[in-house]
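Observations on chain architecture
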Amino acid sequence: PASRQCNGNLIVNGTVALNAANQPLTVVGNCNITATTGTLSLGTSNQPVQVNGNVNLDGTLTLSTTSGGDIKLGGNWNFTVGGTLNGNGRAVFFNGSAVQTITRSAAGALNFDYILNQNTSGGIKQASGTNININGATNGLQLQGTGTGASWDLNGNTMTIATNTNIALTGSQAFASSNGSATLAISGGTSNVNSGTGLSFGSNVTVALNGGFNFGSSLSTFNSGSVMQINAGGFVNTNAPIYASGS
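So, a few notes on the structure that sits alongside this text. (Residues numbered from 1 in each chain as written. Predicted model: local features only at pLDDT ≥ 70, side-chain atom pairs only at ≥ 80, totals over all residues. Heavy atoms only, no water.)

**Some remarks on the nonpolar core**
Nonpolar side chains tend to gather and get buried jointly when the protein is soluble and globular. Membership of the largest hydrophobic core comes to 49 residues, with the highest contact counts inside it found for Trp77, Leu141, Trp152, Ile167 and Phe175. Those residues in contact with phenylalanine 175, other than ones at most four positions away along the chain, are Leu141, Leu143, Trp152, Leu154, Met159, Ile167, Leu184, Leu199, Ser200, Phe201, Gly202 and Val205. (Core = buried A, V, L, I, M, F, W, Y, C linked by side-chain atoms within 4.5 Å. Buried < 20%, exposed > 50% of the residue type's maximum accessible area, 1.4 Å probe, protein only. Contact = heavy atoms within 4.5 Å.)

**Things to note about the pairing of strand E24 (residues 182–186)**
Among the five residues of E24, four are classified as buried, and the element is accordingly described as predominantly covered. As judged from the four bridges shared by strand E21 (residues 158–161) and E24, these two strands associate in the parallel manner. If you follow isoleucine 161 over to E24, its bridge partner there is isoleucine 186. Taken together, the five bridges between E24 and strand E27 (residues 205–209) define a ladder with parallel strand orientation. Considered in E27, the bridge of threonine 183 is made with threonine 206. (Helix = DSSP H or I, 4+ residues; strand = E, 2+ residues; numbered from the N terminus. Pairing = 2+ DSSP bridges.)

**Re the side chain of threonine 101**
Following the sequence through the fold, threonine 101 ends up in strand E14 (residues 100–104). Taking the relative accessible area as the measure of exposure, threonine 101 reaches 19% and is therefore buried. If sequence neighbours within four positions are ignored, threonine 101 has contacts with Asn76, Trp77, Lys125 and Ala127.

**A few points about the side chain of threonine 165**
Along the chain, threonine 165 falls in strand E22 (residues 165–169). Within polar-contact distance, the side chain of threonine 165 engages the backbone oxygen of glycine 136 at 2.6 Å. Every residue in contact with threonine 165, bar those within four places of it in the chain, is listed here: Ile134, Asn135, Gly136, Thr138, Gly140, Ser191 and Asn192. (Polar contact = N/O pair within 3.5 Å; in protein donor to acceptor, adjacent residues only side chain to side chain.)

**Topic: the pattern of salt bridges**
Taken as a whole and judged by the stated rule, the model has one salt bridge. Note that arginine 90 is salt-bridged to aspartate 70, the shortest N-O span being 4.0 Å. Taken as a pair, arginine 90 in the loop between strand E12 (84–86) and strand E13 (91–94) and aspartate 70 in the loop between strand E9 (60–62) and strand E10 (71–73) lie far apart in primary sequence, 20 residues in all. (Salt bridge = Lys/Arg side-chain N within 4 Å of Asp/Glu carboxyl O.)

**Some thoughts on the packing of aromatic side chains**
Counted by the stated rule, this structure contains seven aromatic pairs. When the ring of tryptophan 77 is compared with that of phenylalanine 112, the centres are 5.5 Å apart and the planes differ by 65°; the resulting orientation is edge-to-face. Here tryptophan 77, found in strand E11 (residues 77–79), pairs with phenylalanine 112, found in strand E15 (residues 108–112); they are 35 residues apart in sequence, far enough to count as distant. In terms of burial, tryptophan 77 and phenylalanine 112 fall into one category: buried. Ring geometry for phenylalanine 201 and phenylalanine 215: centres 6.5 Å apart, planes at 90°, overall edge-to-face. Within this pair, whereas phenylalanine 201 is found in strand E26 (residues 198–201), its partner phenylalanine 215 is found in the loop between strand E28 (212–214) and strand E29 (220–222), the two being separated by 14 residues in sequence. Residue classification places phenylalanine 201 among the buried residues on the basis of a relative accessible area of 1%. Phenylalanine 215 gets classed as buried once you look at its relative accessible area, which sits at 0%. An aromatic cluster of three or more residues is present, and its members are Phe175, Phe201, Phe213, Phe215, Phe222 and Tyr243. When the ring centre of phenylalanine 93 is taken as reference, the NZ or CZ atom of lysine 72 above it lies at 4.6 Å. (Phe/Tyr/Trp six-rings, centres within 6.5 Å; stacked < 30°, edge-to-face > 60°. Lys NZ or Arg CZ within 6 Å of the ring centre and 35° of its normal.)

**Describing unusual backbone geometry**
Trans peptide bonds make up the majority, and among non-glycine residues the majority have a negative phi. Positive phi, normally seen in glycine, also occurs at threonine 36, with a value near 70°. When you line up the elements, threonine 36 lands in the loop between strand E5 (31–33) and strand E6 (39–41).

**Let's talk about the pairing of strand E25 (residues 190–194)**
The buried fraction of E25 is high, at four of five residues. Pairing of E22 with E25 involves two bridges; the strand directions are parallel. The residue of E25 that forms the bridge with alanine 168 is asparagine 194. Two strands pair when backbone bridges link them, and E25 and E28 are joined in this way by three bridges, in the parallel orientation. Across the sheet, residue serine 191 finds its bridge partner in E28, namely phenylalanine 213.

**Overview of the sheet that holds E11**
The strand order across the open sheet built from 11 strands is E2-E5-E8-E11-E14-E17-E20-E23-E26-E29-E32, with neighbouring strands paired in parallel fashion. Since the sheet does not close on itself, it has two edges, and those belong to strand E2 (10–12) and strand E32 (242–243), each with one partner.

**Considerations on the environment of isoleucine 11**
Looking at the element boundaries, isoleucine 11 is found in strand E2. Expressed as a C-alpha distance, the spacing of isoleucine 11 and isoleucine 33, which sit 22 residues apart in the sequence, is 6.1 Å.

As structure tokens, this is what we get:
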């Protein structure tokens, strides 16, 4: 389909519906959805919105109810408490070429249905006090970053993977924590790591199992300083990880 382009910042301070023609939209600058009055809806569009800058979410962002109506960003995800993301089972893609930060204005958790890391240099970093919940079915977290972009920095925070939600890989990927102890929490059910060539857990990262988790056949490695914590109801399902010296 034909595409549309906003050559500056997209500032939403009223109600905006991008629902017609199923055309992809590229925002060259930032997407600013203002508090109280700002509402941006992708309606039933089957095409994504690509924001080359930051997404600054103070108001309400509603992703499409149709497959393909996702949002992609090359900058940071800045959420202000009081804002709302209605995911509708759609994905947030991080496809920048420098470190991309996910920030909540006050300590707490942000909810995403699906996140795809397609960063090529620097990876994704959770800002201090920003926890993340991944709630989508099947492969809710898809780590596809390349180069130094293949790293997810928990930065002393928690990421919680919902019941029966999987982590899908492309190539080799890594969880790290650059600032203190961090937790990757597996909620329950029978989740797994799949595809790709490897997933490593770095120093200060604890993987907390609250249900079954399949680490994949020779796919996951606990490096020195990382910890696997098995809580009530938690167990390793089928394939255990590789334990490096010091893990």
